[in-house]
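The lines below spell out each chain.
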Amino acid sequence: MSKIALFPGSFDPFTIGHESIVMRGIPLFDKIIIGIGTHSSKKQFLSYDTRKKLINQCFKDYPNIEVQFFEGLTIEFCKQKNINFILRGLRTSSDFEYERAIAQFNKSLHQNIETVFLLTLPDHTFISSTIVREVIYHNGDARKYLPTNIDYEYFFGSMKF
Ligand code: ADP
């Protein structure tokens, strides 16, 4: 059975912290699906389509990495798509407590799906989409927190606040 992992998140926007977790997951899985969770009520910075475009640009040379939207329970999406692993990154002890509860809950709902955690690289511990959004919002240069091979001007250059 091939090992398919879902890396779920909001990715608003996708940062070098996210990129690093996916890259480090490549040798562990046959395929990684980056799942953009969609919630009709959640306020958006980048639209869902823009987030998908950005992530696709980042991994254009990696045929085993796909980007998909999903809504509802992550575990249900995994069941529908025969995904057997959920990949998550851990930055801090508060990430751990939050993730522990979700992973144990998911395990109790579906025993065949394992959650795999990778500890963030030390240099990425403080990076979050929230802070990157804030930097961009205040016209700061967020380039060093975003994947290097994306067209920054295209995605963020024309933003007016
Ligand atoms: P969520 O909506 O689940 O908070 P995020 O897009 O913020 O989604 O994060 C998705 C996943 O990426 C989570 O597992 C999160 O812990 C991980 N992650 C976020 N930022 C980083 C980072 N800087 N380094 C490593 N992992 C990260």
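Details of the structure are given in the entry above.
No experiment lies behind these values; they were computed from the predicted model shown.

1. Description of the overall build of the protein chain
Turning to step 1, where the next piece is worked out: Per the secondary structure count, the protein chain includes six helices and five strands.
Turning to step 2, where the next piece is worked out: Since a compact globule built from 161 residues should have a radius of gyration of about 15 Å, the 16 Å found for the protein chain is in line with a globular shape.
Turning to step 3, where the next piece is worked out: Dimensions along the principal axes, computed over C-alpha positions, put the protein chain at roughly 45 × 35 × 35 Å.
Turning to step 4, where the next piece is worked out: Put simply, the protein chain has 161 residues, and 45% of those count as buried.
Turning to step 5, where the next piece is worked out: Long-range pairs, those at least 24 residues apart, make up 74% of the contacts in the protein chain between residues at least 6 apart in sequence.
Turning to step 6, where the next piece is worked out: For the protein chain, the computed accessible surface area is about 9300 Å², with 54% contributed by carbon and sulfur atoms.

2. Points about the environment of E19
Turning to step 1, where the next piece is worked out: Mapped onto the elements, E19 comes out in helix α1 (residues 16-25).
Turning to step 2, where the next piece is worked out: Since its relative accessible area comes to 17%, E19 is described here as buried.
Turning to step 3, where the next piece is worked out: A sequence separation of 67 residues divides E19 from I86, and the C-alpha atoms of the two residues are 16 Å apart.
Turning to step 4, where the next piece is worked out: Setting aside residues no more than four positions away along its own chain, E19 makes contact with F14, C58, F59 and P147.

Conventions we followed
- Residues numbered from 1 in each chain as written.
- Predicted model: local features only at pLDDT ≥ 70, side-chain atom pairs only at ≥ 80, totals over all residues.
- Heavy atoms only, no water.
- Helix = DSSP H or I, 4+ residues; strand = E, 2+ residues; numbered from the N terminus.
- Rg over C-alpha atoms; globule rule 2.2 N^0.38 Å.
- Buried < 20%, exposed > 50% of the residue type's maximum accessible area, 1.4 Å probe, protein only.
- Contact = heavy atoms within 4.5 Å.
- Areas by Shrake-Rupley, 256 points an atom, 1.4 Å probe, with all protein chains shown as cover.

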